[in-house]
Amino acid sequence: MSGLRVIMDDIAAVTSHSPHNWLNLGIGNPAPLPELTAFWQRHVRQALDADFEGLSCSYGPSRGLPVLLDAVVEYFNQRLGWDIDASNVMVGPGSQMLCFIAGALYTGQSTAGERSLVLPALPDYTGYEASSLHKSLVGIPSDVVHSGDHRFRYVLDTAAVEQTQGAGVFLASNPSNPTGRSLTQAELDTIIKVAGAQDALTIVDNAYGEPFPGIAVTHTPPPPENGVLNCFSFSKAGLPGERLGIAIGPAEVVKDMVAFLGNTVLHAPRLAQYAVAQALKSGDELGEIVSGTIQPFYTARWELASELFREDLPADLRWYLHEGTRGMFSWLHIDEPWFDDLRLYDLMKDRHTFVVPGSYFFAGTTSPEAVEHGRRCVRISLSAREADLRQGIARLGDALRVMAS
């Protein structure tokens, strides 16, 4: 049971009888933006009209629909200047599953000994805790830098990353869940270099970044280097329920992952694949949705939450918000000796509000300082209704006053 599953099961249990009485600020679901919903409804209808029987009433190739593979190749080569072909691409049921497949294949026992899954930039996505079939998980905490009034940021602990040995996979979200942090070019280069020296695979999970959905600011575009597997998701681009992701990387790695997929779930949903293929081939329409709808929404929400924290959190509280201009979450560090993320979780539940404890995002670390830092953090989702966000942050302020008393 990862921290992610604990939260999801808890939400399902307590809201099953009265879901409308709860505020969910722990949700990872993107906001259902009307323009984005209409965009996907149109493309799904096109898929239904084009060949429902062929798409939904028959099996297909494990790598993915040829029309989608071709669309991905064309899209990335033209828009990002890459040089890939269909052998570098596969489609899977979500980017999280693609990360898990790579972790299962390239960590654990090997001829060179035990190979670990390394999370080089903690805090990072709590679901990565289960991205290997083996116990060899290593998390490297980032350094904390205070950058102004109620602001801080994380920077890669380069020395600790360079000292890592016995890795099979280095895995990082970029931009990050939970913080919205984007790795700098130097940080990303360090991870790739260290991984390459150990014949380890670097996985960059771009679920929140370029070229879609662009929810958080990306300082480093997806790296096309050999030895890097880039994963992309259509969940945060408006299709979370369809579970559709894309992996792009070395042909031999993708070939192994296709075999794994074929031997387990066979392939990703085919109707959604066709709809996504048409969306990628729609000229600049997807890019316009990203820049004109998704990004402005999350910029406004991030700025609103920042204002609400200043208004609703206790004036004498030492709280720090991870810096940024947009993202799907706000990440708070409450630097007080009395603060405990799990106690806050319970107090917020008493107020019929869900948030996510920060300690769940520090998997694999044994550093007492990092464990203590994680215990003093909390993630707030920005995709809930504006009224829920306002009321939820007000309840957060009330819970913190109770904890401080």
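Per-chain numbering applies: the sequence of each chain, read as written, is numbered from 1 onward. The model is predicted, so local features are restricted to residues of pLDDT at least 70 and side-chain atom pairs to those at 80 or more, both for listing and for counting; the totals for chains, interfaces and linings are taken over all residues. Side-chain measures were taken over the full set of non-hydrogen atoms in the model, leaving aside hydrogen atoms and water.

**Student:** Could you clarify how one ought to interpret the pairing of strand E12 (residues 319-322) in this entry?
**Tutor:** A two-sided burial pattern is seen for E12, the buried positions comprising Trp319 and Leu321 on one face and Tyr320 and His322 on the other. Only strands joined by at least two bridges in the DSSP assignment are considered to pair. A helix here means a DSSP run of H or I that spans at least four residues, while a strand means a run of E at least two residues long, and both kinds are numbered starting from the N terminus. Of the strand pairs in this sheet, strand E7 (residues 151-155) and E12 are connected by two bridges, and their pairing is parallel. Across the sheet, Arg151 pairs through a bridge with Leu321, a residue of E12. In the sheet, E12 pairs with strand E13 (residues 329-334) via three bridges, with the strands oriented antiparallel. Bridged to Leu321 within E13 is Leu332. If you look at the hairpin formed by E12 and E13, you'll find six residues sitting between the two strands, and Gly327 has a positive phi there, around 160°. Classification of residues uses two cut-offs on accessible area relative to the type maximum, computed with a 1.4 Å probe and protein chains only: under 20% is buried, over 50% is exposed, and between them is partly exposed.

**Student:** Please clarify how the nonpolar core should be interpreted in this entry.
**Tutor:** Soluble globular proteins tend to bury their nonpolar side chains together. The set of buried Ala, Val, Leu, Ile, Met, Phe, Trp, Tyr and Cys residues whose side-chain atoms join them within 4.5 Å is what this entry labels a nonpolar core. Membership of the largest hydrophobic core comes to 45 residues, with the highest contact counts inside it found for Phe76, Phe212, Ile248 and Leu280. Elements that contribute at least two residues to this core include exactly helix H2 (34-56), helix H3 (66-79), strand E2 (89-92), strand E11 (245-248), helix H8 (270-280) and helix H9 (285-312). Discounting residues that sit within four places of it in the chain, Phe76 has contacts with Gly81, Trp82, Ile84, Pro211, Phe212, Phe232 and Ile248. If you look at the next biggest cluster of nonpolar residues, it comprises 35 residues, including Phe152, Leu201, Met257 and Val258. Should any heavy atoms of two residues lie within 4.5 Å, those residues are considered in contact.

**Student:** I tried to follow the pattern of salt bridges on my own but got confused; where do I start?
**Tutor:** Oppositely charged side chains are able to pair whenever their charged atoms sit close together. Here, a salt bridge means any Lys or Arg side-chain nitrogen found within 4 Å of an Asp or Glu carboxyl oxygen. Counted under the stated rule, the structure contains 13 salt bridges. The residue Arg42 makes a salt bridge to Glu285 at a minimum N-O spacing of 2.1 Å. Of this pair, Arg42 sits in helix H2 while Glu285 sits in helix H9; the two residues are 243 residues apart in sequence, bridging distant segments of the chain. Note on Arg42: relative accessible area 33%, which makes it partly exposed. Between Arg375 and Asp340 there is a salt bridge whose closest N-O contact spans 3.0 Å. Of this pair, Arg375 sits in helix H11 (residues 368-375) while Asp340 sits in the loop between E13 and helix H10 (341-350), and the two are 35 residues apart along the sequence. Taking the relative accessible area as the measure of exposure, Arg375 reaches 23% and is therefore partly exposed. Each of Asp335, Asp340, Glu372, Arg375 and Arg376 takes part in one network of salt bridges that share partners.

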